[in-house]
Amino acid sequence: MIFEWAVRKKLFRNINHVLWFMMSVYILALVITYYFYPNSKIIIFLPIAIHLTAFLQAIYTYVKKISSETISKDCIWWNLFMLLVYVAIFFILNLS
């Protein structure tokens, strides 16, 4: 399967990171559909909620120094970046 291949090639640390990456890609596809249905503002809030939840979990795990295979310090930056991307998309699409 492609997920195991990505881990073996060291593109990702483990299978869970591959799954989060793929989820992010699918959410991005969801946001692109927002382009075609701009009056459905609820579409953009789903990826924001998902990444906000993951961001808060990553911060909690990092601050409490909890060992986790799925959540690392990198999750903080990735999910913060994705939050900013989706918020920017939301505001850009609402301005036009």
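Conventions used here
- Residues numbered from 1 in each chain as written.
- Predicted model: local features only at pLDDT ≥ 70, side-chain atom pairs only at ≥ 80, totals over all residues.
- Heavy atoms only, no water.
- Salt bridge = Lys/Arg side-chain N within 4 Å of Asp/Glu carboxyl O.
- Helix = DSSP H or I, 4+ residues; strand = E, 2+ residues; numbered from the N terminus.
- Buried < 20%, exposed > 50% of the residue type's maximum accessible area, 1.4 Å probe, protein only.
- 1 Å grid on protein atoms, 1.4 Å probe; cavity = no way out; pocket = protein on both sides within 12 Å on 5 of 7 lines; lining within 4 Å.
- Points joined across faces, edges and corners; volume = space filled by probe spheres on them.
- Nonpolar A, V, L, I, M, F, W, Y, C, P; charged D, E, K, R; others polar.
- Core = buried A, V, L, I, M, F, W, Y, C linked by side-chain atoms within 4.5 Å.
- Contact = heavy atoms within 4.5 Å.
- Phe/Tyr/Trp six-rings, centres within 6.5 Å; stacked < 30°, edge-to-face > 60°.

Novice: Even after reading the chapter, I still don't get the pattern of salt bridges, so can you show me in this structure?
Specialist: Where side chains of opposite charge bring their charged atoms close, a pairing between them can arise. Enumeration according to the criterion identifies one salt bridge in this entry. Between D74 and R13 there is a salt bridge whose closest N-O contact spans 2.5 Å. With D74 in helix α4 (residues 73–95) and R13 in the loop between α1 (2–8) and α2 (15–36), the pair connects residues that are 61 residues apart, well separated along the chain. Judged by relative accessible area, R13 falls into the exposed class, the value being 57%.

Novice: Explanation requested: the layout of surface pockets in the structure shown.
Specialist: The probe, sized like a water molecule, is rolled over the atoms to show the empty space still left. Size it by volume and the largest pocket reaches roughly 230 Å³. Taken together, F12, R13, H17, W20, F21, S72, D74, C75, W78 and N79 form the lining of the largest pocket. Only α2 and α4 provide two or more residues apiece to the lining of the largest pocket. Here the lining of the largest pocket takes four residues from α4, the largest share from any one element. Of the residues in the lining of the largest pocket, the class split is five nonpolar, three polar and two charged.

Novice: Mind showing me how you'd approach the nonpolar core here?
Specialist: In a soluble, globular protein the nonpolar side chains are often hidden away together inside. In this structure, I44, I48, A58 and Y86 are the most contacted members of the largest nonpolar core, which totals 13 residues. Those residues in contact with I48 that sit more than four places away from it in its chain are L83, Y86 and V87.

Novice: Honestly, the packing of aromatic side chains in this entry has me stumped. Any pointers?
Specialist: Both the distance between ring centres and the angle between the ring planes are used here to describe each pair of aromatic rings. Taken as a whole, this structure holds four aromatic pairs when the rule is applied. With a centroid separation of 5.5 Å and 75° between ring planes, the pair formed by F90 and F91 is classed as edge-to-face. Overall, F90 belongs to the buried group, its relative accessible area being 14%. Three or more aromatic residues link up through ring pairs in this structure, and these residues are F45, F90 and F91.

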